[in-house]
Amino acid sequence: MLAQEIIHGIKKPKEGDNVVIKLNMAKAYDRVSWAYTCLVMRKMGFSVFFIEMIWRIMSNNWMLNNLYLNQNYQGFHMEPRGPQINHLSFADDVIIFTSGQRTSIQLIMKTLTTYEQVSNQLINRDKSHFMLPVDSPQGIAEMLNEEAGFTQKDSPINYLGCPLYIGGQRDIYYSHLVDKIAKRISGWQAKMLNFGGRLTIVKHVLHSIPIHTMAAISPPKTTLHYIKRLTADLFWGREKDKKKYHWASWENITFPYDEGGLGVRHLNDICNSLQYKQWWNFRSTNSLWGQFLKAKYCQRANPVVKNFWWDNWLGEGPLAHHTNESNRLNNNTISQYMLNGGWNETMCSQEIGVRPVIWNKPPVNYCKLNTDGSALANPGSIGRGGILRDQAGNLIFAFTVPLGTGFNNQAEVQMESVQCLHTYREANTIADFLAKLSHKKDIPQYFYTLSQLPVPIKGSYFLEKMGMINFRRRKLKRVKKPP
């Protein structure tokens, strides 16, 4: 992730000023001097027991960091307030970031030559290469080939199994990932496997292959779609070199067991969870990657405070669009609106213009029916939706019914032999959604199990069952632009 973030700035301040060099060690594991390895690790303070277990050159043994002490060295263009990085290395996988000046390349090659002499390792110059922006002057490539003996390679280059590219993502950058899965599947196609065996392969073999790449970079949706098609074809099988009919959509198969699925993880969900993990690491740990990102993207504002006011919390736009005091609120923190582990309702209502609302479970031995009507115009297409739940908040019955053409009051009424109480829309989100869904239906539709409910409202169903608070805002003058 850090290497890709650095490469994003390869064209700054202008084409040809920055160079990325990927080193390839000549028979790295055959040429390691074990005595040198033990000596370095002992010098670094590792115990004798640990040294005897580890047989690898540590990644921070390179002398490239000292180049910044040389006044003639100019490094890769980076944010001056952040860390200045000229190389990343893991075992024998090394990538160097530097400027395209001849003196800087000469200093790097001198350092690498010294390392070869000390460590008894050799750099394979025939397989090592460098990457430049497309519009870089040809003289820079010729100079690099002359000074270093490396060849030029177009974007992308691979580092630790992940593609590093200039510009935006392209599906072709991840073709090796799709090919790897396709080759693994081809070994199983001719074997007799029942659905249980195929399911095990999909869950524990095929879906584990792209995890390493997705942990660092989120592949394009098209790549994930190709992988999904390959795994689905394997699961349903082939007959006489033809694909068998898919009796259920892959989205339904990826539901948990208790919702009618087979427990296969959806690749999009895996990507999202790994992105959340990256965000958590960024916020909770002090890493070189985090320092670089904060210097590059978070110079003027804390990312959490800024997002609190300009993210879409209400589903109707940022909070700043619904308050008249956004200039002052931009400097506040979330903790100022919390009280005893929950939201400070008085402060939220007065300053932000929202009030907490919640769906309450019915009393013991009672059921609660939430309904709502919807009208696209007055008069216009009208419909009704509702959901019946027991004392624990569990689904009993839900429905969405188109009512043809009429007025909004006609959609709201027509309930018989029930006690009607008004509630805010924010505490009636499921019925509101089902009422709006009726405009897309020609006949009534009924739901009896959780798995039958439309996917967009399942989240609201669980949140209401857990007793989570929602917010209702009062209408204020819109603030169209951030201050």
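Positions within a chain are numbered from 1, following the residues in the order the chain's sequence is written. Residues qualify for local features only when their pLDDT is at least 70, as the model is predicted, and side-chain atom pairs are given and counted only at 80 or more; totals for whole chains, interfaces and linings, by contrast, use all residues. Processing note: side-chain calculations cover all non-hydrogen atoms of the structure and skip hydrogens and water entirely.

A. Representation of the overall build of the protein chain. What the protein chain contains, in helices and strands, is 18 helices and 17 strands. Throughout, exposure labels follow a simple rule: accessible area from a 1.4 Å probe, protein chains only, divided by the maximum for the residue type, with under 20% read as buried, over 50% as exposed, and the rest as partly exposed. Across the 483 residues in the protein chain, those meeting the buried criterion constitute 41%. Whether two residues are in contact is decided by their heavy atoms: any pair within 4.5 Å suffices. Pairs at least 24 apart in sequence give 66% of the contacts found in the protein chain among residues at least 6 apart. In this description, accessible areas are obtained by the Shrake-Rupley approach with a 1.4 Å probe, and a residue is regarded as covered only by the protein chains that are shown. Split by element, the accessible area of the protein chain, about 28000 Å² in all, is 53% carbon and sulfur. Put simply, DSSP marks the helices as runs of H or I at least four residues long and the strands as runs of E at least two long, and each gets a number from the N terminus on.

B. Broad picture of the nonpolar core. Within this scheme, the nonpolar core is defined by two criteria: the residues are buried Ala, Val, Leu, Ile, Met, Phe, Trp, Tyr or Cys, and they are joined through side-chain atoms within 4.5 Å. Formed by 24 residues in total, the largest nonpolar core has its most connected members in Ile21, Leu23, Ile96, Leu112, Phe130, Leu144 and Phe150. For this core, the secondary structure elements donating two or more residues are β1 (18-23), β3 (93-99), α4 (102-119) and α5 (138-148). A per-element tally of this core places α4 first, with six residues. Among all residues touching Leu144, those that are not within four sequence positions of it are Val19, Ile105, Phe130, Leu132, Gly149 and Phe150.

C. Seen up close, the pairing of β1. Of all the six residues making up β1, six are buried; the element is thus mostly covered by neighbouring parts of the structure. Alternating positions in β1 separate into two faces, Asn18, Val20 and Lys22 on one and Val19, Ile21 and Leu23 on the other, with burial throughout. As paired strands, β1 and β3 are joined by six bridges and run antiparallel to one another. The partner of Val20 across the bridge, within β3, is Phe97. Strands were regarded as paired on the criterion that DSSP finds at least two bridges between them. Pairing analysis gives three bridges linking β1 to strand β4 (residues 129-131), with the strands arranged antiparallel. By the bridge assignment, Val20 is partnered in β4 with Met131.

D. Just the sheet that holds strand β16 (residues 445-447), in detail. Ordered by their spatial adjacency, four strands build an open sheet running β13-β14-β15-β16, and the pairing between neighbours is antiparallel. Only two strands of the sheet have a single neighbouring strand rather than two, namely β13 (368-375) and β16. Direction aside, neighbouring strands of the sheet carry axes that sit 15° apart on average. Axis definition: a line fitted to C-alpha atoms, limited for helices to the stretch in contact. Angles are taken between N-to-C directions and run from 0 to 180 degrees. Against the sheet, helix α17 (residues 429-437) engages β13, β14 (380-389), β15 (395-406) and β16, with an angle of about 145° to β14.

E. Layout of the side chain of Lys22. Tracing the backbone through its elements, the reader meets Lys22 in strand β1. Residue class for Lys22 comes out buried when judged on its relative accessible area of 10%.

F. The arrangement of a nonpolar patch on the surface in detail. Taken together, the side chains of Phe462, Leu463, Met466 and Met468 make up a nonpolar region of the molecular surface, amounting to roughly 410 Å² of accessible area. Residue placement: Met468 occurs in the loop between α18 (455-466) and β17 (470-473). By definition, no residue in a patch forms a salt bridge, and every one has over 30% relative accessible area; like charges are joined within 9 Å, nonpolar side chains (Val, Leu, Ile, Met, Phe, Trp, Tyr) within 5 Å. Salt bridge, as used here: a side-chain nitrogen of Lys or Arg that lies within 4 Å of a carboxyl oxygen of Asp or Glu.

G. Unusual backbone geometry, seen in detail. Along the chain, Ser155 connects to Pro156 via a cis peptide bond; the corresponding omega equals 5°. Summarising the element assignment, Pro156 is placed in the loop between β5 (151-152) and β6 (157-159). Positive phi, normally seen in glycine, also occurs at Leu160, with a value near 55°. Summarising the element assignment, Leu160 is placed in the loop between β6 and β7 (162-164). Located in the positive-phi region is Asn365, a residue other than glycine, with phi close to 70°. Structurally, Asn365 is set in the loop between β12 (354-357) and β13.

H. Seen up close, the sheet that holds β3. The sheet built from five strands is open, its strands ordered β2-β3-β1-β4-β5 with mixed pairing. This sheet does not close on itself; its edge strands, each paired only once, are β2 (87-90) and β5. Looking at chain direction, β4 and β5 are connected through two bridges and run parallel. Residue pairing in the sheet places His129 in a bridge with Thr151 of β5. Across the sheet, α5 is in contact with β1, β4 and β5; its angle to β4 comes to roughly 155°.

I. Quick look at the packing of aromatic side chains. When two rings of Phe, Tyr or Trp (its six-membered ring) have centres within 6.5 Å they constitute a pair, described as stacked for plane angles under 30 degrees, edge-to-face for angles over 60, and tilted for the intermediate range. All chains considered together, the criterion is met by 13 aromatic pairs. Their ring planes at 40° and their centres at 5.6 Å tell us that Trp279 and Phe282 sit as a pair that is tilted. Here Trp279 and its partner Phe282 are both found in helix α11 (residues 267-284), three residues apart, which amounts to about one turn of the helix. Of the residues examined, Trp279 reaches a relative accessible area of 40% and is grouped as partly exposed. Feature note: the residues Phe195, Phe235, Trp236 and Trp250 constitute an aromatic cluster, connected by ring pairs. When the NZ atom of lysine or the CZ atom of arginine is within 6 Å of a ring's centre and also within 35 degrees of its normal, the charge is said to sit over that ring. The ring of Phe282 carries the charged tip of Lys294 above its face, separated from the ring centre by 5.7 Å.

J. Broad picture of the confidence of the model for the protein chain. Residue-level confidence of the predictor, termed pLDDT, takes values from 0 up to 100. Of all residues in the protein chain, 80% attain a pLDDT of 70 or more, and the chain-wide mean is 78. When the criterion is pLDDT under 50, residues 55-61 qualifies, and its contacts beyond four places in sequence or with other chains add up to 21 contacts. Confidence over residues 476-483 falls short of pLDDT 50; this stretch has 20 contacts with residues more than four positions distant or in other chains.

K. Quick peek at α18. By the burial criterion, the buried members of α18 are Ile457, Lys458, Tyr461 and Glu464. For α18, the angular spread of the buried residues around the axis is 135°, confining them to a single face. For α18, exposure combined with an orientation more than 90 degrees from the buried face picks out Val455, Pro456 and Met466. If you follow the buried residues of α18, they end up packed against β14, β15 and α17. Following α18 by one or two positions, Gly467 adopts a phi angle in the positive range, close to 80°. Note that the arc is defined by the directions from the helix axis to the C-beta atoms.

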